[in-house]
Amino acid sequence: MAIQHDPGLQIYVSKSDIPSYQRDWVWGAAVLFVFICGLLTTWLLTPNLASVQPTAGIAEDALARQETVNQQLQTQIARLETLLASKEFCNADTVTAVQKVLDNATDP
């Protein structure tokens, strides 16, 4: 039952009176609006990957520092392996030498 107020406007008394194509159009528009908002939000919040990457000079410096630290760690590990490979690794001299290596070790 539609009440006629204006030739272009209809007011429906109950939900079941509304034609299904009009309900579908409203739900479709709402879904499309939410989808577009999601796309815009993703586009605005996703950083441009080219602007996030470090320049070549910074990356090379970081790599050089990391290689230096790796070399120091390998040297310390080799000293410890040599000391602990001896048959008398529980004597005081070996324990003192191990302690010196550990004291000289720096956190990378």
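Residues numbered from 1 in each chain as written. Predicted model: local features only at pLDDT ≥ 70, side-chain atom pairs only at ≥ 80, totals over all residues. Heavy atoms only, no water.

A look at the overall build of the chain
Scanning the chain for helices and strands turns up 4 helices and 2 strands. The order of α-helices and β-strands along the chain, N terminus first, is β-β-α-α-α-α. Going through the 108 residues of the chain one by one, you find that 6% of them count as buried. The contacts in the chain between residues at least 6 apart in sequence include a share of 19% that link residues at least 24 apart. Accessible surface, the chain: about 9500 Å² in total, of which carbon and sulfur atoms supply 65%. (Helix = DSSP H or I, 4+ residues; strand = E, 2+ residues; numbered from the N terminus. Buried < 20%, exposed > 50% of the residue type's maximum accessible area, 1.4 Å probe, protein only. Contact = heavy atoms within 4.5 Å. Areas by Shrake-Rupley, 256 points an atom, 1.4 Å probe, with all protein chains shown as cover.)

A closer look at helix H4 (residues 92–104)
The end-to-end C-alpha distance of H4 is 18 Å, a good match for the 18 Å that 13 residues give at a rise of 1.5 Å each. Along H4, the residues classified as buried are Thr94, Val98 and Val101. When H4 is viewed along its axis, its buried side chains cluster within an angular range of 60° and face the same direction. Facing away from the buried surface of H4 by more than 90 degrees, the exposed residues are Ala92, Asp93, Lys100, Asp103 and Asn104. (Expected span 1.5 Å × (residues − 1). Arc of directions from axis to C-beta.)

Thoughts on the environment of asparagine 104
Within the element layout of this structure, asparagine 104 appears in helix H4. We classify asparagine 104 as exposed; its relative accessible area is 54%. Taking the C-alpha atoms as reference points, asparagine 104 and glutamine 76, separated by 28 residues in sequence, lie 8.8 Å from one another.

Section: the confidence of the model for the chain
Here the chain shows a mean pLDDT of 79. Residues at 70 or above account for 80%. When the elements of the chain are averaged for pLDDT, helix H2 (residues 49–52) gives the smallest value, 53, and helix H1 (residues 20–45) the largest, 89. (pLDDT = per-residue confidence, 0-100.)

Quick notes on a nonpolar patch on the surface
Judged by side-chain polarity, Leu32, Phe35, Ile36, Leu39, Leu40, Trp43, Leu44 and Leu45 come together as a nonpolar surface patch covering roughly 930 Å² of accessible area. By the secondary structure assignment, leucine 44 is in helix H1. On the basis of relative accessible area, leucine 44 is assigned to the exposed category, the value being 63%. (Patch = residues over 30% accessible without salt bridge, like charges linked within 9 Å, V, L, I, M, F, W, Y side chains within 5 Å. Salt bridge = Lys/Arg side-chain N within 4 Å of Asp/Glu carboxyl O.)

Re the environment of glutamine 76
For glutamine 76, the position within the fold is in helix H3 (residues 56–85). With 26 residues separating them in the primary sequence, glutamine 76 and leucine 102 have C-alpha atoms 8.1 Å apart.

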